[in-house]
Amino acid sequence: MYNILDLSLDKLKQWMKENKESEFRAKQVFDWIYKKNTWDFDNMNNISKVTKEKLKKSFYIEIPEVVHVYKSSVDDTFKFLYRYRDGNIIETVVMKYKHGNSICVSTQIGCRMGCKFCASTKEGMVRNLTNGEILAQILKAQEEIGARISNIVLMGSGEPLDNYDNVMEFLNIVNSEYSLNIGQRHITLSTCGIVPKIKELADRNMQITLAISLHAPNDDLRKNMMPIANKYTIDEIMEACKYYIYKTKRRVTFEYALVKESNDSKECAIELVNLLKGTLCHVNLIPVNEVKENNFKKSSMDNIKRFYNILMESNIETTIRREMGSDIDAACGQLRRSYLKSNNEVKGV
Ligand code: SAH
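All of these numbers come straight from a predicted model, not from anything done at the bench.

About the thresholds
Residues numbered from 1 in each chain as written. Predicted model: local features only at pLDDT ≥ 70, side-chain atom pairs only at ≥ 80, totals over all residues. Heavy atoms only, no water. Pairing = 2+ DSSP bridges. Helix = DSSP H or I, 4+ residues; strand = E, 2+ residues; numbered from the N terminus. Axes fitted to C-alpha atoms, helices over the stretch in contact; angles between N-to-C directions. Contact = heavy atoms within 4.5 Å. Domains from an automatic or database assignment. Buried area = accessible area lost by both parts, 1.4 Å probe. UniProt positions renumbered as here; feature names shortened; annotations may be inferred. Buried < 20%, exposed > 50% of the residue type's maximum accessible area, 1.4 Å probe, protein only. Phe/Tyr/Trp six-rings, centres within 6.5 Å; stacked < 30°, edge-to-face > 60°. 1 Å grid on protein atoms, 1.4 Å probe; cavity = no way out; pocket = protein on both sides within 12 Å on 5 of 7 lines; lining within 4 Å. Points joined across faces, edges and corners; volume = space filled by probe spheres on them. Nonpolar A, V, L, I, M, F, W, Y, C, P; charged D, E, K, R; others polar. Near = heavy atom within 4 Å. Polar contact = N/O pair within 3.5 Å; in protein donor to acceptor, adjacent residues only side chain to side chain. Areas by Shrake-Rupley, 256 points an atom, 1.4 Å probe, with all protein chains shown as cover. Right-handed = clockwise from strand over helix to strand, strands pointing away.

**Points about the sheet that holds strand 5 (residues 89-97)**
The 10 strands lie next to each other as 3-4-5-6-9-10-11-12-13-14, forming an open sheet whose pairing is mixed. Looking at strand neighbours, the two that pair on one side only are strand 3 (65-71) and strand 14 (318-320), the edges of this open sheet. Here the average twist between neighbouring strands, direction ignored, is 20°. One ladder, built from 7 bridges, connects strand 4 (residues 77-83) with strand 5; its direction is antiparallel. Among the inter-strand pairings, Leu81 is bridged to a residue of strand 5, identified as Glu91. Here helix 4 (residues 131-145) sits on the sheet in contact with strand 3, strand 4, strand 5, strand 6 (100-104) and strand 9 (151-154), set at roughly 125° to strand 4.

**What to know about the domain arrangement of the chain**
Each assigned domain of the chain is listed with its residue range as follows: domain 1 (2-60) and domain 2 (65-342). A C-alpha centroid distance of 34 Å is found between domain 1 and domain 2. Facing 15 residues of domain 1, the contacting portion of domain 2 comprises 16 residues. The contact between domain 1 and domain 2 buries some 1,300 Å² in all, and 58% of this surface belongs to carbon and sulfur atoms. The three residues of domain 1 that bury the most area against domain 2 are Asp6, Tyr34 and Trp39, which together make up 42% of that side's buried surface.

**Observations regarding the UniProt feature "binding site: S-adenosyl-L-methionine" (unreviewed entry) in the chain**
With numbering matched to this structure, UniProt assigns "binding site: S-adenosyl-L-methionine" (unreviewed entry) to Gly158, Glu159, Ser190, Ser213, Leu214, His215 and Asn289. Looking at where Leu214 falls in the secondary structure, it is placed in the loop between strand 11 (209-213) and helix 7 (219-225). Its relative accessible area of 0% is what places Leu214 among the buried residues. The residues contacting Leu214, other than those within four sequence positions of it, are Arg222, Met226, Ile234, Phe254, Glu255, Leu272 and Leu275. Locating Asn289 in the fold gives a position in the loop between strand 13 (281-287) and helix 10 (301-313).

**Quick notes on the packing of aromatic side chains**
All told, the structure shown has 9 aromatic pairs when counted by the stated rule. With a centroid separation of 5.4 Å and 10° between ring planes, the pair formed by Phe30 and Tyr178 is classed as stacked. Taken together, the positions of Phe30 in helix 2 (residues 24-35) and Tyr178 in the loop between helix 5 (164-174) and strand 10 (187-191) put the pair 148 residues apart, joining distant regions of the chain. Here Phe30 and Tyr178 have matching classes, each one buried. Ring geometry for Phe117 against Phe296: centres 6.1 Å apart, planes inclined by 80°, an arrangement best described as edge-to-face. You can see Phe117 sitting in the loop between strand 7 (108-110) and strand 8 (125-128) and its partner Phe296 sitting in the loop between strand 13 and helix 10, a full 179 residues away along the chain. Accessibility assignment for this pair places Phe117 and Phe296 in one class, buried.

**Focus: the layout of surface pockets**
The calculated volume of the second largest pocket comes to roughly 160 Å³. What lines the second largest pocket is Tyr34, Lys35, Asn37, Gln142, Arg148, Ile149, Ser179, Leu180, Asn181 and Ile182. Classifying every residue of the lining of the second largest pocket gives 4 nonpolar, 4 polar and 2 charged.

**Quick word on the site of the ligand**
Taken together, 17 residues are adjacent to the ligand, and Phe117, Ser190, Ser213, His215 and Asn289 come closest. Asn289 is positioned such that a nitrogen or oxygen atom in its backbone is 2.8 Å from a nitrogen atom of the ligand. For the ligand, the protein covers 95% of the area, taking 530 Å² as the surface of the free molecule. For the shell around the ligand, the class distribution of residues is 8 nonpolar, 7 polar and 2 charged.

**Some words on unusual backbone geometry**
Note: most residues except glycine have negative phi, and most peptide bonds are trans. Despite not being glycine, Asn181 shows a phi value in the positive range, around 55°. Note on placement: Asn181 falls in the loop between helix 5 and strand 10. A positive phi angle, close to 65°, is found at His215, a residue other than glycine. As for its position among the elements, His215 is in the loop between strand 11 and helix 7. For His215, a relative accessible area of 5% corresponds to the buried category.

**Some points on the pairing of strand 12 (residues 252-258)**
For strand 12, the tally of buried residues reaches 7 of 7 residues, placing the bulk of the element in the interior. Burial along strand 12 is two-sided: Val252, Phe254, Tyr256 and Leu258 facing one way and Thr253, Glu255 and Ala257 facing the other are all buried. Note that strand 11 and strand 12 share 3 bridges and pair parallel. Paired with Ile212 across the bridge in strand 12 is Phe254. The pairing of strand 12 with strand 13 spans 7 bridges and is classified as parallel. Bridging from a neighbouring strand, Ala257 pairs with Ile286 of strand 13. Read from strand 12 through helix 9 (residues 266-276) to strand 13, the crossover connection turns out right-handed.

Set out below in structure tokens:
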């Protein structure tokens with residue numbers, strides 16, 4: 001049995017052919033799933049009984065169960081705690097804006113990158129999500145909010161480039177007309193900086209936005225925050241980014257979480273300017289989200305502003321990320337972790 005959401009249209013057509021069915025049935029099935037939110041073969045009423053039976057013998061449609069919905073009271077942010085059929089829990093965040101709805105999807109159950117400030121990685125990685133499982137986060141969220149989602153950020157739990165093949169197939173399908181038809185320019189992939197995969201991504205010539213979780217202007221400081229810095233240097237990351245820009249002509253985003261008494265000094269800001277000057281980029285400053293499990297503290301507003309001003313005065317376009325859904329722990333694995341804890345699924349905490 002396979003999850004039909006893992007299949008592209010071409011693959012389902014192929015299956016139809018092999019099963020002595022007309023190829024156009026594939027498009028009809030996907031219309032039900034993607035355009036009409038119908039996730040039960042029995043309710044697809046232009047599909048014959050015989051075809052339905054064949055489909056049911058080979059496929060299931062895996063839409064995660066909603067374990068809980070958290071609605072922020074300060075803004076239009078929703079956080080969904082989903083459960084997949086194997087019992088694993090993940091979280092997905094939806095932000096409703098006037099200009100369209102955005103979703104932050106998870107790409108793995110847990111994460112093995114070990115960033116010290118991040119809650120997603122505390123229990124390590126359980127497994128990769130399949131492309132269909134990533135896509136289903138969007139399908140279910142659209143049904144829940146009763147509206148179309150038009151922007152995707154791959155910034156939930158997991159490292160997308162550590163689940164490269166599934167994430168690429170997800171991007172391919174979500175971008176297709178028969179599926180959700182979300183434009184590449186409306187998709188951002190965030191990575192802690194897996195250099196060879198950034199280059200591979202560049203060679204695909206896609207129009208998605210690449211975001212790099214940089215968080216420090218030099219390797220020594222970065223190594224204190226992110227184990228991946230022991231594997232790839234900032235110089236190597238910059239070279240890969242320049243290649244990405246050269247191939248795609250897209251502006252790269254650098255994410256920089258500001259941590260008190262660590263990476264928010266004037267000197268760090270100047271070092272960052274020197275690093276990024278001349279690169280087609282944008283910096284997103286994130287006041288670090290304080291999670292219970294570590295002692296990374298948020299920078300003061302004064303330091304955040306000073307950092308911002310130094311970058312802007314040097315003509316590096318910078319934004320300070322709005323903290324969405326702060327009252328519902330809408331950041332990075334915090335909810336899954338507190339859920340697992342309250343169900344005694346995390347030991348020693
Ligand atoms: N693994 C990918 C994507 C998931 S994390 C990556 O590293 O980019 C999404 C973003 O949230 C990353 O920039 C990550 O560094 C950041 N992040 C994780 N925990 C955070 C925290 N406690 N406060 C602020 N940002 C955090």
